[in-house]
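Letter by letter, the chains look like this.
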Amino acid sequence: MAEGDRRQFFRRVRTTLAGAAAAVAAPAGFTLDTTKVQGAVAREYGARSRYETLKRWITPARFLGSTASWTPLGELNGIITPSSLHYERHHGGVPDIDPASHQFLIHGLVERPLVFSLAQLQRFPITQRICFLECSGNSYTEWRTPSAPSVQRSHGLTSCSEWSGVRLKTLLAEAGVMTEASWVVAEGADGAAMTRSIPLAKCLDDVLVAYAQNGEALRPEQGYPLRLIVPGFEGSINVKWLRRLKIVDQPYYSREETSKYTDLLPDGRAREFTFTMEAKSVITAPSAGMRLSGAGFHEVRGLAWSGRGAITRVEVSADGGEHWQDATLHGPVLPICHTRFTCPWEWDGTPTALLSRCTDETGYVQPTREQLRSVRGDKSFYHYNGIQSWRIGADGTVTNG
Ligand SMILES: Nc1nc2c(c(=O)[nH]1)N[C@H]1C(S)=C(S)[C@@H](COP(=O)(O)O)O[C@H]1N2
Ligand SMILES: [Mo]
């Protein structure tokens, strides 16, 4: 038997035994309650079971309208985030926009300035893609002393949806982009009038003007009725409540790309336009705030994603980073998309730490916190993608660190 085969074989055996260990034997003479109870009638618009209570965690607002809500990653499964639990970030509150009167303008360095209603936009060929969004402020608590009390509060500013809409390049072709154009400035219709500059090349590649999320209209929090989806780029550039695209020949250096969303480097200079979100992974269970019921088999579960393409590998360490084992990736494994991984783990009941490390299709390997800090210094806030470590105590408690 080849070495790889043998490893696979042992893993299969271990998983089977583990399954048996987790199963509960039915007591002798056990009878299942088979009473029939008349149920409720159909509902026109669905809601979850009244026994389910999972929620986003909302950052206490510093001022009215500027807030963030975090996805409870620890308790979710699969790669699609339920729309009701998609993280939110807004700088001027969630506007209430009537789609019947909303107008979307493309102007600037174009042959034909165009204005669209939602209905007009929906007559263009539709396309869809599943991709993650991640706020560049996600995991900011982990730069210095890792301190978030849960994976929701360390990593919950990322979510993954299926988005449908029109390719921006289709609309730009319709408008006729002039040769001197090189950037596109996007503006939202919210209280913050969120404004971001996007390289024209990206807009002619895979940017979407989206009006649907997971099959239905966008949620108000996600930009109803219209938003940009800029796959792999930091969250803030995915302008919601989109009302205007101005085609220009230089970036606009708006507030959101000078005072905010820049990375202060060790030499005191600020790096601008860090567009792409680098590869990152995190173990979602067990994770901080959870408690293991006891020694024995546990399945380590998590998520990995990269703004540069598909995840090709995730490794898990159950001894604080000394040894690493390949995790199983569960399909579909899509580019620029949350990817599920699992890894069987036999806990011996002694204190240890669980870590995950991912690699993407460019060969980039998720760095340790120390590696990141050695390059980026200790003044950074945004764009943290270091390896996360969850400490397991002898009593089964899981903490950050
Ligand atoms: N118009 C507008 N667009 C916006 C924002 C905003 O405040 N206003 N916030 C941005 C930020 S910082 C992020 S991280 C993403 C969040 O998208 P979501 O709320 O759908 O998760 O939207 C971006 N688009
Ligand atoms: Mo963000």
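Residues numbered from 1 in each chain as written. Chains lettered and ligands numbered in written order. Predicted model: local features only at pLDDT ≥ 70, side-chain atom pairs only at ≥ 80, totals over all residues. Heavy atoms only, no water.

So, about the overall build of the chain. Of the regular secondary structure elements, the chain holds six helices and 24 strands. The C-alpha atoms of the chain give 23 Å as radius of gyration, which agrees with the globular expectation for 401 residues (21 Å, within 12%). In terms of its C-alpha atoms, the chain occupies a principal-axis envelope of roughly 75 × 65 × 50 Å. Positive and negative charge centroids in the chain, built from 44 and 41 side chains respectively, lie 2 Å apart. (Helix = DSSP H or I, 4+ residues; strand = E, 2+ residues; numbered from the N terminus. Rg over C-alpha atoms; globule rule 2.2 N^0.38 Å. Lys, Arg positive; Asp, Glu negative; His and termini not counted. Charge placed at Lys NZ, Arg CZ, Asp CG, Glu CD.)

With that settled, consider the pairing of strand β9 (residues 195-199). Taking burial as the measure, the five residues of β9 include four buried ones, the bulk of the element. Two strands pair when backbone bridges link them, and strand β8 (residues 183-188) and β9 are joined in this way by five bridges, in the antiparallel orientation. Across the sheet, residue Val-184 finds its bridge partner in β9, namely Ile-198. Counting the residues that bridge the hairpin from β8 to β9 gives six residues, and of these Ala-193 lies at a positive phi of roughly 40°. (Buried < 20%, exposed > 50% of the residue type's maximum accessible area, 1.4 Å probe, protein only. Pairing = 2+ DSSP bridges.)

In this structure, the largest pocket encloses a volume near 520 Å³. Ranked by residues supplied to the lining of the largest pocket, first place goes to strand β2 (residues 67-70) with three residues. In terms of residue class, the lining of the largest pocket is made up of 12 nonpolar, five polar and five charged. Considered as a void within the structure, the second largest pocket measures approximately 270 Å³ in volume. Tallied by class, the residues present in the lining of the second largest pocket amount to seven nonpolar, seven polar and six charged. (1 Å grid on protein atoms, 1.4 Å probe; cavity = no way out; pocket = protein on both sides within 12 Å on 5 of 7 lines; lining within 4 Å. Points joined across faces, edges and corners; volume = space filled by probe spheres on them. Nonpolar A, V, L, I, M, F, W, Y, C, P; charged D, E, K, R; others polar.)

This brings us to the packing of aromatic side chains. Counted under the stated rule, the structure contains 14 aromatic pairs. Measuring from centroid to centroid gives 5.4 Å for Trp-183 and Phe-273, while their planes differ by 45°, and the two rings are tilted. Pair noted here: Trp-183 is in strand β8 and Phe-273 is in the loop between β15 (270-271) and β16 (280-285), with a separation of 90 residues, a long-range link. Residue Trp-183 shares its accessibility class with Phe-273, and that shared class is buried. A centroid spacing of 6.2 Å and a plane angle of 35° characterise the contact between Trp-345 and Trp-347, whose relative ring orientation is tilted. Each member of the pair, Trp-345 as well as Trp-347, is classed as buried. One residue, Arg-153, lies across the ring of Trp-57, its end atom 3.8 Å from the ring centre. (Phe/Tyr/Trp six-rings, centres within 6.5 Å; stacked < 30°, edge-to-face > 60°. Lys NZ or Arg CZ within 6 Å of the ring centre and 35° of its normal.)

The tally for this structure, following the rule as stated, stands at two cavities of 30 Å³ or more. Roughly 230 Å³ of volume is contained in the largest cavity. Considering the residues around the largest cavity, the lining is formed by 19 residues, among which Arg-89, Arg-227, Gly-235, Ser-236 and Lys-240 are closest to the centre. The element contributing the most residues to the lining of the largest cavity is strand β3 (residues 88-90), with three residues. Classifying every residue of the lining of the largest cavity by side-chain character gives seven nonpolar, seven polar and five charged. In this structure, the second largest cavity occupies an estimated 60 Å³ of space.

Our next topic: the site of ligand 1. For ligand 1, the set of nearby residues contains 20 residues, the closest of which are Tyr-87, His-91, Asp-190, Arg-227 and Lys-240. Between Asp-190 and ligand 1, the recorded distance is 2.6 Å, taken from a side-chain N or O atom to a nitrogen atom. The separation between an oxygen atom of ligand 1 and a polar side-chain atom of Arg-227 is 2.7 Å. Burial of ligand 1 by the surrounding chains reaches 100%, relative to a free accessible area of 530 Å². Counting residues per element, the shell around ligand 1 draws most heavily on β3, which supplies three residues. (Near = heavy atom within 4 Å. Polar contact = N/O pair within 3.5 Å; in protein donor to acceptor, adjacent residues only side chain to side chain. Areas by Shrake-Rupley, 256 points an atom, 1.4 Å probe, with all protein chains shown as cover.)

What follows concerns the sheet that holds strand β21 (residues 339-347). The antiparallel open sheet is built from four strands, whose spatial order is β16-β17-β21-β20. Of all the strands in the sheet, just β16 and β20 (328-330) have a single pairing partner and so form its edges. Across the sheet, the axes of successive neighbouring strands diverge by a mean angle of 30°, strand direction being ignored. (Axes fitted to C-alpha atoms, helices over the stretch in contact; angles between N-to-C directions.)

Time to look at the domain arrangement of the chain. One can read the domain layout of the chain as domain 1 (67-271) and domain 2 (280-400). Summarising the inter-unit geometry, the C-alpha centres of domain 1 and domain 2 are found 27 Å apart. Every contact between the two is made by 43 residues of domain 1 and, on the other side, 38 residues of domain 2. Note on domain 1 versus domain 2: buried area summed over both sides is about 3,500 Å², and carbon and sulfur give 57% of it. Taken together, the links from domain 1 to domain 2 amount to two salt bridges. Here Arg-376 ties to Asp-263 by a salt bridge, and the two come within 3.4 Å at their closest N and O atoms. Applying the counting criterion to the domain 1 and domain 2 interface returns 23 residue pairs in polar contact (both at pLDDT 80 or more). Considering every element that reaches the side of domain 1 that touches domain 2, the biggest residue donor is strand β6 (residues 127-134), with five residues. (Domains from an automatic or database assignment. Contact = heavy atoms within 4.5 Å. Buried area = accessible area lost by both parts, 1.4 Å probe. Salt bridge = Lys/Arg side-chain N within 4 Å of Asp/Glu carboxyl O.)

It is worth spelling out the sheet that holds β2 at this point. Here three strands make up an open sheet; going across it, the order is β1-β2-β3 and the pairing antiparallel. The strands lining the two open edges of the sheet, one partner per strand, are β1 (57-58) and β3.

With that settled, consider unusual backbone geometry. Omega for the peptide link from Tyr-224 to Pro-225 comes to 5°, which places this bond in the cis form. Along the chain, Pro-225 falls in the loop between β11 (216-217) and β12 (227-229). Look at the link from Gly-331 to Pro-332: it is a cis peptide, with omega at 0°. Note that Pro-332 resides in the loop between β20 and β21. Phi angles above zero are rare outside glycine, and Tyr-261 is one such case at about 60°. Inspection of the secondary structure assignment puts Tyr-261 in the loop between β13 (242-248) and β14 (263-264). Backbone geometry at Ile-336 places phi at a positive 55°, although glycine is not the residue there.

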